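This is what each chain is made of:
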Amino acid sequence: MAKPVHSMIRVLDEERSRAYYARAFGLELAERVGFDGFALVYLRHPASPFELELTVNFDRTEPYDLGNGYGHLAVVVDDVDAEHARFTQEGLPATPVKDFQHQGKTLARFFFATDPDGYKIEVIQKGGRFG
């Protein structure tokens with residue numbers, strides 16, 4: 001059986017990205033592996049073994065073109081309204097909270113955050129299928 005272990009994104013500025021993910025989602029450095037020309041930076045939340053891998057290419061000076069194929073990462077929180085208020089207070093980019101319904105029943109409540117490189121992160125209220 002396969003077990004998801006990480007998702008990788010390319011970032012322009014390692015320190016800016018690490019600071020964002022720490023502040024926004026509580027991700028901590030799990031490991032940093034440096035190579036000639038690039039580094040792999042693994043971030044993890046203390047409550048989860050899943051990691052976000054930041055690939056930093058040292059010679060890159062222009063932002064990456066995210067294209068139209070990237071979707072989003074998702075995180076679950078206990079109180080989406082409180083988390084949205086925190087993002088707003090800290091000046092972290094966030095869309096309004098959306099109440100996603102189907103046939104009059106709420107399936108999810110969420111908002112999207114945007115990291116310094118333009119990647120979208122869905123912040124979902126804990127409950128339902130996101131128990």
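All of the points below concern the structure found in this document. Just so you know, these numbers come straight off a predicted model, no measurement behind them. (Residues numbered from 1 in each chain as written. Predicted model: local features only at pLDDT ≥ 70, side-chain atom pairs only at ≥ 80, totals over all residues. Heavy atoms only, no water.)

## Let's talk about the packing of aromatic side chains
Scanning the entire structure with this criterion turns up nine aromatic pairs. Between the aromatic rings of F25 and F87, the centroid separation amounts to 5.7 Å while the plane-to-plane angle is 50°, which identifies the pairing as tilted. Pair noted here: F25 is in helix α1 (residues 14-25) and F87 is in helix α2 (residues 80-90), with a separation of 62 residues, a long-range link. F87 shares its class with F25; the two are buried. Each residue in the set Y20, Y21, F25, F87 and F111 is aromatic and connected to the rest through ring pairs, giving one cluster. Seen from the ring of Y64, R60 lies directly overhead, with NZ or CZ sitting 4.1 Å from the centre. (Phe/Tyr/Trp six-rings, centres within 6.5 Å; stacked < 30°, edge-to-face > 60°. Helix = DSSP H or I, 4+ residues; strand = E, 2+ residues; numbered from the N terminus. Buried < 20%, exposed > 50% of the residue type's maximum accessible area, 1.4 Å probe, protein only. Lys NZ or Arg CZ within 6 Å of the ring centre and 35° of its normal.)

## A short note on the pairing of strand β8 (residues 120-125)
Alignment of strand β5 (residues 73-77) against β8, held across five bridges, turns out to be parallel. Note that in β8 the partner of V76 across the bridge is I124. Two elements, strand β7 (residues 105-114) and β8, share five bridges in a ladder whose sense is antiparallel. Residue T114 lies in a different strand from β8, and its bridge partner there is K120. (Pairing = 2+ DSSP bridges.)

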